[in-house]
Amino acid sequence: MAKGFFITGTDTGVGKTIITGAVISALKACGINTCGMKPFETGCRRQGDRLIPADGLFIKGISEMDEDISHITPYCFETPAAPLVASEMEGIDIDLSTVISAFTGLAVKYGAVVVEGAGGILVPVKRNYFMSDLIRDLGLPAIVVTRPSLGAINHSLLTVRYALKEGLAVAGIAINFCMPPDNSIAERTNPEIIRQMSPVPVIGLFPHLEPPDYENIREAASRHLDTDILTKYLLRD
């Protein structure tokens, strides 16, 4: 069985790529040969006749992978929308076997694969196929990334409870300061309330990083992620 995690979010823009990099860095620091993958990236910049997946390249860099980017991000779209919408607008059919094959190839080579999804758990990939279905098909436990700001309690608990109801494993919640702190009541109290009310553990309270480069992410991962929870999941049968 493939080992790793699937990084999903309560919404778009919560910092999934940063947490993906942090989880990869934390596992590598524990001596686990770890790589990353982002199967679908939308809103890519066009350079000549190629689309450049910025998040995919970031994952490739922080993982120190030598694979071609097509194995890390098999599907790139220029349209900044859900994969279903972007693929239909651009006339590109998403073949899920391509994604599974790329993931399987990485899983054979690496001890763990950290997969970053697009948006939240119910973002559609194809008609009647959602990110939750991809999590199930890859057989990975999810890590839910959320903000600490107003609305985070509801968004976090909804996402986790839906995932569990669907029979998915959820390793935990990563609370990420994707914006500079504003010292609001919500920011000061939400992390502890989420910790108390969530049926899964909070694996980290991640600070706002400026800049969010490899060095800062690796340093923050060493200080703010619970690697015991992560490594215990990888040791499960």
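Residues numbered from 1 in each chain as written. Predicted model: local features only at pLDDT ≥ 70, side-chain atom pairs only at ≥ 80, totals over all residues. Heavy atoms only, no water.

Here the focus is helix 5 (residues 96-109). Structural remark: α-helix, 3.6 residues per turn; residues separated by three or four positions point the same way. In this model helix 5 runs 21 Å from its N-terminal to its C-terminal C-alpha over 14 residues, within 8% of the 20 Å that 1.5 Å per residue would give. Taken together, the buried positions of helix 5 are occupied by V99, A102, F103 and L106. The buried residues of helix 5 occupy one face: seen down the axis, they fall within an arc of 95 degrees. Within helix 5, the exposed residues directed more than 90 degrees away from the buried face are S101 and V108. Close packing links the buried residues of helix 5 with strand 2 (34-37), strand 3 (40-41), helix 3 (69-72), strand 6 (75-76), strand 7 (112-120) and helix 6 (131-138). (Helix = DSSP H or I, 4+ residues; strand = E, 2+ residues; numbered from the N terminus. Expected span 1.5 Å × (residues − 1). Buried < 20%, exposed > 50% of the residue type's maximum accessible area, 1.4 Å probe, protein only. Arc of directions from axis to C-beta. Contact = heavy atoms within 4.5 Å.)

Put simply, helix 1 (residues 16-29) and helix 2 (residues 54-63) touch, their axes get as near as 10 Å, and they point 15 degrees apart. Here helix 2 runs roughly parallel to helix 1, going by the angle between their axes. In terms of crossing hand, the pair formed by helix 1 and helix 2 is right-handed. For the pair helix 1 and helix 2, the contacting residues are T17, T20, G21, I24, S25 and K28 in the first and D55, F58, I59, I62 and S63 in the second. (Axes fitted to C-alpha atoms, helices over the stretch in contact; angles between N-to-C directions. Parallel < 35°, antiparallel > 145°, perpendicular 65-115°, else oblique. Left-handed = near helix turned anticlockwise from the far one by under 90°.)

To continue, consider the nonpolar core. Within the largest apolar cluster, 69 residues are counted, with the highest numbers of intra-cluster contacts made by F5, V23 and I143. A total of six residues in this core trace back to one element, the largest contributor, which is helix 1. In this structure V23 touches F5, I7, V114, I143, L225 and L230, once residues within four positions along its chain are discounted. (Core = buried A, V, L, I, M, F, W, Y, C linked by side-chain atoms within 4.5 Å.)

The next subject is the sheet that holds strand 7. Strand pairs in the sheet, formed through backbone hydrogen bonds, run parallel or antiparallel to each other. Spatially, 2-7-1-10-11-12 is the arrangement adopted by the six strands of the open sheet, whose pairing is parallel. Both edges of this open sheet fall to strand 2 and strand 12 (202-206), since each of them pairs with a single strand only. Ignoring which end each strand starts from, the neighbouring axes of this sheet average 20 degrees apart. Both strand 1 (residues 4-9) and strand 7 contribute to a ladder of five bridges, which runs parallel. Bridging from a neighbouring strand, I7 pairs with E116 of strand 7. (Pairing = 2+ DSSP bridges.)

Once that is clear, we can look at the layout of surface pockets. A volume near 290 Å³ is recorded for the largest pocket. Of all the secondary-structure elements, those providing two or more residues to the lining of the largest pocket are helix 1, strand 3 and strand 7. For the lining of the largest pocket, the leading source of residues is strand 7, giving four residues. For the lining of the largest pocket, the residue count by class is seven nonpolar, seven polar and five charged. (1 Å grid on protein atoms, 1.4 Å probe; cavity = no way out; pocket = protein on both sides within 12 Å on 5 of 7 lines; lining within 4 Å. Points joined across faces, edges and corners; volume = space filled by probe spheres on them. Nonpolar A, V, L, I, M, F, W, Y, C, P; charged D, E, K, R; others polar.)

Our next topic: the pairing of strand 2. Of the two faces of strand 2, both are covered, the one formed by T34 and G36 as well as the one formed by C35 and M37. Strand direction decides the pairing type here: strand 2 and strand 7, joined by four bridges, are parallel. Bridging from a neighbouring strand, M37 pairs with V115 of strand 7.

Our next topic: the environment of N176. Mapped onto the fold, N176 is located in strand 11 (residues 170-176). Taking the relative accessible area as the measure of exposure, N176 reaches 1% and is therefore buried. Sequence separation between N176 and I135 is 41 residues, and the spatial gap between their C-alpha atoms is 21 Å. Apart from residues lying up to four places away in sequence, N176 is in contact with V14, G15, I19, V145, T146, R147, P148, F206 and P207. A polar contact of 2.8 Å, which involves the side chain of N176, links it to the backbone oxygen of V14. (Polar contact = N/O pair within 3.5 Å; in protein donor to acceptor, adjacent residues only side chain to side chain.)

Here we take up the packing of helix 1 against helix 10 (residues 227-234). Orientation of helix 1 relative to helix 10, taken along the N-to-C sense of each, is 75 degrees, at an axis distance of 10 Å. Judged by the angle between their axes, helix 1 and helix 10 are roughly perpendicular. Of the residues in helix 10, those touching helix 1 at V23, A26 and L27 are T227, L230 and L234. A class-by-class count of the residues in the contact of helix 1 with helix 10 yields five nonpolar, one polar and no charged.

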